[in-house]
Structure formats: C-alpha cells, structure tokens
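Spelled out from the first residue to the last, the chains are:
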Amino acid sequence: MAIIEVKQLTKVFGHDAARALPLLEQGWSKEKIAREAKLTVGVNKAEFSIEEGEIFVIMGLSGSGKSTLVRLLNRLIEPTGGQVLFKGKDVVKMNPEQLREFRRKNIGMVFQKFALFPHRSVLANAEYGLEVQGVEKSKRTRLAMEALELVGLKGWENHRPDQLSGGMQQRVGLARGLANDPDILLMDEAFSALDPLIRKDMQQELLELQSRVKKTIVFITHDLDEALRIGDRIALMKDGVIVQIGSPEEILIQPANKYVERFVEDVDLSKVLTASHVMRQPEMIRPERGPRVALQLMRDSGVSSLYVADNEMRLQGLLTADNASQALKENRSILDVMLRDIPRVQPDTLLNDLFELMSETHLPVAVVGEGEKLKGIVIKGAVLSALAGNAVPEGGIGS
Amino acid sequence: MNLPKIPLGKGVEWIENWLTTYFGPIFDIIHAVIGGMVSGIDAALNFLPAIVLTLLIAALAYWIGKWRMALFAVVGLLLIDNLGLWGPSMQSLALVLTASLLAVVIGVPLGVLCAQSRTFQNIATPILDFMQTMPAFVYLLPAVSFFSLGVVPGVIASIIFAIPPTIRLTNLGIRQVSPELVEAADAFGSTAGQKLFKLQLPIALPTIMAGINQTIMLSLSMVVISSMIGAQGVGAYVYRAVSQAKTGAGFEAGIAIVIIAILLDRLTQKLFKSKPQE
C-alpha cells in the first residue's frame, strides 16, 4: 500500500499565488506565468505515490523544484494546491497541532548542509526530535544512542558536531532523523556536500541501513549516478514538472522524452547496466540426454556448445562439440565429459566488473541466480553493443 | 510667511501632565522598586570592606580572564579607594547595575518580539533610533516630573538611553541563526517556544551579550548626566568639579569612572567569550 500519495501538488511563489492555479489548469507554461502574472511556479501538479519501504528518488537539476517538492511533503513549505496523503490522511489539511505531531512521529528529515545544532553535543543532536516530543531523558538517551550506533558513531556522542568530518556530521544528521523512528525519512541532497569517495560509502551504507530498518526514504539528488545507485524508483523533474517516474532501468532504457534522453546519455552504462540486462537465452540440454542428441541440437541451432542444466534449471556445466564427440566415441554420459569449471556471475554484476572476467576466457559467461539456477549467458558482443548504447533487450530476459 | 508654530512642546508637556495625574500610583510603585534595588545593591557593595571586595573582583577577573586583568582590578580599585572615592563609586556602580539589569530584563524579551514579528520590528526600529539619538538630557526632565529628584529618574533615563543595543542585538542575533537550523528545528516538530529556547537563544547568545555589554557601557556614560538631577555617586563629583572649575578633582573622579568602565567592559566581554571554548 502506498504510504504517501501526492495528488496535483502545486507550489507557486509570489503575491496571492493561488491565482496561478486556474492558469496552470488552462495549460499556461511556467514562463508565461512568470512573464504575465509575475509568479514563480515551483512545483507544477506533481502526482506520484510512494510505497512503504522503498527508496524513492526525486532527481533533477538545480531549479527543477525538487527541494521545494520534498518540503511540501512535510509542509516546511506551504503548498498552493493539491493533496499530500499520508496513509490516507491529508497533510495539507492538518492544523498546526496535527502537523507538529506528524513531523514528530511520522516524518524525519536529513539536510544537505547537515543543519546540526552547533551548541549541542552529537548525542544531544540525535536526541533533539525525542526531546521536543517530551520523551523522558533516560529513554531518549537510550534511543539516540541506538541511532548513533546504527550509523557507526558509537563513542563520538560527547563530541561537538564541528569536531567531526563532513561524512561523520551527516551520520549525526542521519541518526537525528532516525532516532524518533519515523515512518518516512526525507533526505534533501543529503550526500551532495560530501567528497565523492565518502559519498559512495554513504550511499552503500544507506542501502545497508535501509535493508535493516526498512524505512520509506524519499531521497533528493541532482546526481544521476546517485539516483541510479540507490533508487528503487526515480522521479525525474524539470521546471517543476515530473517528466518521468520509473525504475532506474526504465529511465535509462526507455527515456520518456528528449529531456530524459539527454539527461541519461552521458551515463557510464558500464556502471549501471548489469549482467541481467545483456544476457541472452542459452542453448541448454538436460544431463540425462545422450551425446548424440547434444550434437544434433548443436547442429540445429548453429552453436558449438550447450549448457547442461537439470529440470530445475540448476547449472551443471558446459558441453562443447568436442566433448560431445568424445563422449560418443568413448560411450560415456555427457556429465562425465562436460566442463564444470566455467565462468559464472550473479545477475546483478555490473558490466564494469564483467570486463575482466570476459577478457580471461573465450567461453561465454553464465549468469546464475539463487540456488545455481541458470538465468542466461553473456557473450562479448552483447556487452560491447550494450555499452555502445543499443541492442539492449528490453528489461533483459527472464527478469 | 508667518505660519503659526506647531505646539509640539506644549503637546509633550500636556502628555506629561496627563501621565502624572492618572498614572501617579504606578510611578510611585516603580519609584519604590527601583529605589529599593539601587540602595540594596549599594548596601551589598558596601557590606564588605573595600579591600575584600577588591580582592573578590580581582579573583573574578582572574577566573574569567587572565592575571593581567586581575592585576588591573587590584591596582584600579585600590586607586579609587586611595582617592577617597570608594563610597560614591559604589553608589554609581549600583545605579549602573540596576539600570543595566532592568534594561536586560526588559530589552531581551523585546528583542525576541522584534525577531518574531516583522510588524513589531518595523514599529520598534524608529522608536529605538529616536531613543538613541535624542540627547540624553531631554529624558531627565519628564523623568524628574514622574519620579522627582534623586537616583530613580537617573536610572529611568539610563534605561531609556541604554536599552536599544540590547533590543537590537537580541533581534539581530536571533535573525542571524541560519535558516537551515530553524528549518531543521521545524522539521522535527518544535513549538515556537522550543525553537526559541533550544536553538535561537543559545546560538544568539554571543550577539546578545555584545548588546548587553553595550547597554552597560551606555548606562555608565549616564552617570554624570544623572547627577544633574540629584543622583548621588562619583558622577556628582565630576559634575561638581566641572561647575566649580576644579580640574584636579574632576580628573580624579573621571579616572574612577574610567576604571569602573574598563572593568565592567572587560569582565562582561570575557564572560561570554570564554563560554564556547568549554
């Protein structure tokens, strides 16, 4: 079930901003409204829903309205029109008291420039959300310590934020957001102020953290690589409008329009596409079949080798034409003669990591999933043509 | 061109009369409270012998600052005592401390109000400009008519003259708190009061203290002016020396004020500067 549902959410900045709503309804562009009504459209009729437990990335360049959009979700910025439904309840209609409760209990936030309170210790920062709720001292200390431990800051609780490195400061921010155990965590360009290497670490850690705490995370970024790496789904924004929502693969492979296409064209595909994107259906044979059948199959399909897999698709090995002729001559089963030591990778192996393996072998690489199940094979040509930006089978096969 | 003069002065006097007539009892209460505070502080300062108080202040100076300041405190205060100005100096100090204390108690909340409300700030700013630029002597006259002669109108005039920096810098300090921090406090569901006491005031503290320091200095500068309406103390010595053209006596009393000024300034400055290093 969707935890957040956003309907026709609109923010217009300027005097008496509501008069822009009918203009937007009539299809006036952002530029026309700016020129003729002297109003700035921040977010234009955004519509999406966020599932419980997913990482939903809102991405766009600066000025695209993504930071505004995320602030509409907890009403740090007051929406001009539309609805934000949290578990069916409209956040936009909440009175100040209800809104405060919602912010205290249900929705946490992590900020781009950390926004840590400089006069408070790391622990007191992590405690802040619980403190304003009136949680008693011993309990909030315990919960805040747990959150600090979760982000790997145990032992730093008595330091001041400015004694910590950038990456560690943002961990404090993360702990502060997690300490009161909200349903949703908003992360506004949370890693953008960090060094590239630390940033990668933090992305990785966020994914690990997410697998443990299972929060719904709304992550804002201007960095496509980051969006592709951590997003379950990505919403792409331009000029206040959401131009496409989809999984990272959908965005890459089927860009909704020229804008998205241009956006993704510079992506290093080798760091985004995985083995499952470029693999193809292997020619297979059951292990109980004889070598004569194998040779016939090879002739029919014009290949020089077959993958041996049982009826549950568990990969046993690779049978080449030479192996098959040998088995026929010596009257042995194909299980005795096939190659067992063949290169294999997981479906989520990045193409970048496939190169090395592929250069060391002349055999195709088998893609195996859980329980040694054969999913497909990758041949050199497919990898190269995928990197050239074409001939990627839609959504891969078998996935 | 023979336009009639606008009776501005008449109007002010009319308001003054009206206030005295209808608010007399309130002025009496204020008079009693302020008078009590000044004599209370004066009594407290005179409770210990001069040498003991000197050493106490030196110890405080050493604790807050460095040994150099402690040394200055000892030499300076002993000089005041030696010149025979200890009693009047303590009287003046009592006046300054009372005026500063009240200015802070009134000024900080007003500064907070200015920071919270743009309207309030827009109203307050011209009034504060007026209060600071109007020659301080002018406050003495209505103060006297409301509170008669003595130290109380001196305190009142000092407060009016000295309060603007506290209000201004409290306002400034709170407004300077980074919007990101305020946003973070909001995002976690803080009430306005929680935001003020847990975030804005602690972060604005150095700026507020700078304002309080200014207020103390300004109220000290009122010591001589207050003596014109009968406030006792070292200011009265200066005033008398000036009116009798006694250069030496005037210089002695002036030095006493300078010593107190330097001590108050350094002590209050160091008090908040040493805090964040904890």
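Position numbers for residues count from 1 along each chain, tracking the sequence in the order it is written. Working convention: letters from A go to chains and numbers from 1 go to ligands, in the order in which they are written. Selection of residues for local features in this predicted model requires a pLDDT of at least 70, selection of side-chain atom pairs for listing and counting requires 80 or more, and totals for whole chains, interfaces and linings are taken over all residues. Processing note: side-chain calculations cover all non-hydrogen atoms of the structure and skip hydrogens and water entirely.

Participant: Just checking my understanding: could you explain the sheet that holds strand β12 (residues 305–309) of chain A for this structure?
Facilitator: For sheets, the rule is that strands pair by backbone hydrogen bonds, running either parallel or antiparallel. Residue and element names in this part refer to chain A. Only when DSSP finds a minimum of two bridges between them are two strands counted as paired. In this text, helices come from DSSP runs of H or I with a minimum length of four residues, and strands from runs of E with a minimum of two, each type numbered from the N-terminal end. Ordered by their spatial adjacency, 3 strands build an open sheet running β11-β12-β13, and the pairing between neighbours is mixed. With one partner strand each, in any of the chains shown, β11 (284–285) and β13 (315–320) form the two edges of the open sheet. Here β11 runs beside β12; their pairing, made up of 2 bridges, is parallel. When the sheet's bridge partners are listed, I285 is paired in β12 with V308. Seen against the sheet, helix α13 (residues 291–301) touches β11, β12 and β13 and runs at an angle of roughly 130 degrees to β12. It only takes one pair of heavy atoms within 4.5 Å for two residues to be counted as in contact. The axes are straight lines fitted to the C-alpha atoms, using for helices just the contacting stretch, and the angles between their N-to-C directions are given from 0 to 180°.

Participant: Would you mind showing me how to read the interface of chain B and chain A here?
Facilitator: Buried accessible area, meaning the area lost when the parts come together, often serves as the stated size of an interface. In this complex, chain B contributes 16 residues to the contact, which on the side of chain A involves 23 residues. Buried area counts how much accessible surface, traced with a 1.4 Å probe, disappears from two parts once they are put together, with both parts' losses summed. Taken together, the two surfaces of chain B and chain A that pack against each other cover about 1700 Å², and 62% of this comes from carbon and sulfur. Of all residues in chain B, the largest losses of buried area upon contact with chain A belong to E183, F188 and K198 of chain B, amounting jointly to 39% of the total for that side. By definition here, a salt bridge exists when the distance from a side-chain nitrogen of Lys or Arg to a carboxyl oxygen of Asp or Glu is within 4 Å. In this structure, the connection of chain B to chain A is made through 3 salt bridges. The closest approach of N and O atoms between K113 of chain A and E180 of chain B, which form a salt bridge, is 3.7 Å. When residues of the side of chain B that touches chain A are assigned to their parent elements, the largest contribution, 7 residues, is made by helix α8 (residues 179–187) of chain B. Residue polarity is assigned by list, with Asp, Glu, Lys and Arg as charged and Ala, Val, Leu, Ile, Met, Phe, Trp, Tyr, Cys and Pro as nonpolar; anything else, Gly included, falls into the polar class. Here the residues of the side of chain B that touches chain A are counted per class, giving 8 nonpolar, 4 polar and 4 charged.

Participant: Would you take a moment to explain the packing of helix α1 (residues 8–47) of chain B against helix α4 (residues 86–116) of chain B for this structure?
Facilitator: A packed helix pair is summarised by two numbers, namely the angle formed by the two axes and the spacing between the axes. All names here are of chain B. The geometry of α1 relative to α4 is characterised by a closest axis approach of 8 Å and an angle of 135 degrees between their N-to-C directions. Relative to α4, the element α1 lies oblique. Crossing handedness for the pair α1 and α4: right-handed. Only W86, M90, Q91, L93, A94, L95, L97, T98, L101 and L102 of α4 make contact with α1, whose side of the interface consists of I34, M37, V38, I41, D42, L45 and N46. Residues of the contact of α1 with α4, tallied by class, amount to 13 nonpolar, 3 polar and 1 charged. Note that the term roughly parallel is reserved for angles under 35 degrees, roughly antiparallel for angles over 145, roughly perpendicular for angles of 65 to 115, and oblique for everything else. By convention, the crossing between two helices is left-handed when the near helix turns anticlockwise from the far helix through less than a right angle, and right-handed when the turn is clockwise.

Participant: Is there a simple way to explain the nonpolar core in this structure?
Facilitator: Among soluble globular proteins, nonpolar side chains are generally buried collectively. Residue and element names in this part refer to chain A. Nonpolar cores are built from buried Ala, Val, Leu, Ile, Met, Phe, Trp, Tyr and Cys residues. Side-chain atoms within 4.5 Å join them into one set. Between buried and exposed lies partly exposed: a residue is buried under 20% and exposed over 50% of the maximum accessible area for its type, with that area taken using a 1.4 Å probe on protein chains only. With 62 residues, the main nonpolar core has M187, F219 and V378 as its most contacted residues. If you tally residues by element for this core, the top one is helix α7 (residues 166–179), at 6 residues. Residues in contact with M187, not counting those within four places in the same chain, are V110, L174, L206, I217, V218, F219 and I220. Among the nonpolar cores identified, the runner-up in size contains 44 residues, and V43, F48, L186 and I220 belong to it.

Participant: Explain the side chain of T98 of chain B here, please?
Facilitator: Residue and element names in this part refer to chain B. You can see T98 is positioned in helix α4. In this structure T98 comes out as buried when scored by relative accessible area, which is 0%. Side-chain atoms alone can form a polar contact between residues adjacent in sequence; in general such a contact is a pair of N or O atoms within 3.5 Å, and within protein one must be able to donate a hydrogen while the other accepts it. Within the structure, the side chain of T98 is placed 2.7 Å from the backbone oxygen of A94, a separation counted as a polar contact. Leaving out residues up to four positions away in the same chain, T98 has contacts with I34, M37, V38, I41 and V155.

Participant: Just to check I follow, could you spell out the packing of aromatic side chains for this structure?
Facilitator: Centres within 6.5 Å are what make two rings of Phe, Tyr or Trp a pair, Trp counting through its six-membered ring; a difference in plane orientation under 30 degrees is then read as stacked, over 60 as edge-to-face, and the rest as tilted. Inspection of the entire model under this criterion finds 9 aromatic pairs over all chains. Each member of the aromatic cluster is reached from another via a ring pair, and the members are W18, Y22 and F23 of chain B. The ring of W28 of chain A carries K32 of chain A above its face, with NZ or CZ at 4.2 Å from the centroid. Two thresholds decide whether a charge sits over a ring: the Lys NZ or Arg CZ must be within 6 Å of the ring centre and within 35 degrees of the ring normal. Directly above the aromatic system of F117 of chain A lies the positively charged group of R176 of chain A, at a separation of 5.0 Å from the ring centroid.

Participant: What exactly am I supposed to notice about helix α5 (residues 122–133) of chain A here?
Facilitator: The α-helix advances 3.6 residues per turn, and as a result positions three or four apart in sequence lie on the same side. With respect to burial, α5 of chain A is a largely interior element, 11 of its 12 residues being buried. Where α5 of chain A ends, the next residue or the one after it, G134 of chain A, has phi of about 85 degrees, a positive value.

Participant: Explanation requested: the UniProt feature "domain: CBS" (unreviewed entry) in chain A in the structure shown.
Facilitator: UniProt positions are given in the numbering used here, feature names are shortened, and annotations may be inferred rather than shown by experiment. Under the UniProt annotation, the feature "domain: CBS" (unreviewed entry) is placed at residues 278–334 and 338–394 of chain A. Taken end to end, residues 278–334 of chain A has its terminal C-alpha atoms 28 Å apart, with 40% of it in helix and 23% in strand.

Participant: How should I be thinking about the UniProt feature "domain: ABC transmembrane type-1" (unreviewed entry) in chain B in this particular structure?
Facilitator: UniProt records the feature "domain: ABC transmembrane type-1" (unreviewed entry) for residues 89–268 of chain B in the present numbering. For residues 89–268 of chain B, the helix share is 87%, the strand share is 0%, and the end-to-end C-alpha distance is 19 Å.

Participant: Explanation requested: the environment of L71 of chain B in the structure shown.
Facilitator: Within the secondary structure layout, L71 of chain B lies in helix α3 (residues 67–82). For the pair formed by L71 of chain B and L55 of chain B, sequence separation is 16 residues and the distance between their alpha carbons is 10.0 Å.

Participant: Explain the UniProt feature "domain: ABC transporter" (unreviewed entry) in chain A to me, please; I cannot follow it from the model alone.
Facilitator: The sites that carry the UniProt feature "domain: ABC transporter" (unreviewed entry) are, in the present numbering, residues 28–264 of chain A. For residues 28–264 of chain A, the end-to-end C-alpha separation is 28 Å, with 43% helix and 22% strand making up the annotated structure.

Participant: How should a nonpolar patch on the surface be read in this particular structure?
Facilitator: Residue and element names in this part refer to chain B. Nonpolar side chains (Val, Leu, Ile, Met, Phe, Trp, Tyr) within 5 Å and like charges within 9 Å form the patches, drawn only from residues with over 30% relative accessible area and no salt bridge. Surface exposure here means Shrake-Rupley accessible area, sampled with a 1.4 Å probe, where a residue is shielded only by the protein chains that are shown. A contiguous nonpolar patch, built from W14, I15, W18, Y22, F23, I26 and I30 and spanning about 720 Å² of accessible area, is present on the exposed surface. Note on placement: I15 falls in helix α1. Classification of I15 as partly exposed rests on a relative accessible area of 45%.

Participant: Hey, could you run me through the sheet that holds strand β3 (residues 55–59) of chain A in this one?
Facilitator: Residues and elements named next belong to chain A. Taken together, the 6 strands give an open sheet; going across it, the order is β6-β7-β8-β3-β9-β10, and neighbouring strands pair in mixed fashion. Taken across any chain shown, the strands that pair with only one partner, and hence form the sheet edges, are β6 (107–110) and β10 (241–246). Looking at each pair of strands side by side, their axes are set apart by 20 degrees on average, direction ignored. Relative to β10, strand β9 (residues 233–238) runs antiparallel, the two being bridged by 5 bridges. Counterpart to A235 in the pairing with β10 is I245. Seen against the sheet, helix α3 (residues 66–73) touches β3, β6, β7 (184–188), β8 (216–221), β9 and β10 and runs at an angle of roughly 155 degrees to β8.

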